[in-house]
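Coordinate analysis (summary)
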Amino acid sequence: MTREGSQGGELSFGFQGAPVRLPILVKRLDPPRAITWECPGAFPYWEGTTISWTLDASEHGTKVVFRHDGFSDSQPEFDLGSVNLTWGKIVARLKDVVESGVADPALS
């Protein structure tokens, strides 16, 4: 049995206004440097996409590289903009938490 959040495990996320919860499979876990998630389906147009986070030391602290790849050409362009905006808000919130030490889970 694989633990939730461990490599091979499954996570579930919800987004305000999203039609369903987003299941995520943890495909690669290399703490503290990298994680790769795969979207198995259930979330419109995300089936088969991958989300990766890599962290490397830089002269300014930690460099975080985020990627969400593998979208189908059939995905509506307006939806890609919404995906981009949502991830931008999430990454900005993560930055705020790291810098302030105060977590605020609400996206606005």
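In this text, all values refer to a predicted model and were calculated from it rather than measured experimentally. (Residues numbered from 1 in each chain as written. Predicted model: local features only at pLDDT ≥ 70, side-chain atom pairs only at ≥ 80, totals over all residues. Heavy atoms only, no water.)

Some details on helix α1 (residues 77-100)
For α1, built from 24 residues, the straight-helix expectation of 34 Å at 1.5 Å per residue is met to within 8% by its first-to-last C-alpha distance of 35 Å. Buried within α1 are the following residues: Asp79, Val83, Trp87 and Ile90. On its buried face, α1 sits against β3 (34-38), β4 (50-58) and β5 (61-69). Two residues or fewer past α1, glycine 101 is found with a positive phi of approximately 80°. (Helix = DSSP H or I, 4+ residues; strand = E, 2+ residues; numbered from the N terminus. Expected span 1.5 Å × (residues − 1). Buried < 20%, exposed > 50% of the residue type's maximum accessible area, 1.4 Å probe, protein only. Contact = heavy atoms within 4.5 Å.)

So, the sheet that holds β4
In spatial order, the strands read β1-β2-β3-β4-β5; together these five strands make up an open sheet with antiparallel pairing. One side of each edge strand has no neighbouring strand; the edge strands of this open sheet are β1 (10-13) and β5. Strand-to-strand, the axes of this sheet are offset by a mean angle of 25°, without reference to chain direction. Bridge count between β4 and β5: nine bridges; the pairing is antiparallel. Bridging across to β5, leucine 55 finds its partner in valine 64. Each of β3, β4 and β5 touches α1; the most contacted strand, β4, lies at about 35° to it. (Pairing = 2+ DSSP bridges. Axes fitted to C-alpha atoms, helices over the stretch in contact; angles between N-to-C directions.)

So, the pairing of β4
Each regular strand displays side chains that alternate between the two surfaces of the sheet. The sheet contact formed by β3 and β4 spans five bridges and is antiparallel. Bridged to tryptophan 37 within β4 is isoleucine 51. Hairpin connection between β4 and β5: a loop of two residues separates the two successive antiparallel strands.

As for the packing of aromatic side chains
Counted by the stated rule, this structure contains seven aromatic pairs. Ring plane angle 40° and centroid distance 5.4 Å describe the contact between phenylalanine 13 and tryptophan 37, whose orientation is recorded as tilted. Of this pair, phenylalanine 13 sits in strand β1 while tryptophan 37 sits in strand β3, placing them 24 residues apart in sequence. Residue tryptophan 37 is classed as buried on the basis of its relative accessible area, which comes to 10%. Counting every residue linked through ring pairs, the aromatic cluster contains Phe13, Trp37, Trp46, Trp53, Phe66, Phe71 and Trp87. (Phe/Tyr/Trp six-rings, centres within 6.5 Å; stacked < 30°, edge-to-face > 60°.)

Here's the deal with the environment of threonine 50
The topology assignment puts threonine 50 in strand β4. The partly exposed category is assigned to threonine 50, whose relative accessible area is 28%. With 17 residues separating them along the chain, threonine 50 and arginine 67 place their C-alpha atoms 7.9 Å apart. Residues in contact with threonine 50, not counting those within four places in the same chain, are Thr36, Trp37, Glu38, Arg67, His68 and Asp69.

Section: the side chain of threonine 36
Looking at the secondary structure, you find threonine 36 in strand β3. Residue class for threonine 36 comes out buried when judged on its relative accessible area of 18%.

Observations regarding the nonpolar core
Within the largest apolar cluster, 15 residues are counted, with the highest numbers of intra-cluster contacts made by Leu22, Ile24, Trp37, Trp46, Ile51 and Trp87. Contributions of two or more residues to this core are made by β2 (22-30), β3, β4 and α1. Residue contacts for tryptophan 87: discarding those within four places in its chain leaves Trp37, Trp46, Ile51, Trp53, Phe66 and His68. (Core = buried A, V, L, I, M, F, W, Y, C linked by side-chain atoms within 4.5 Å.)

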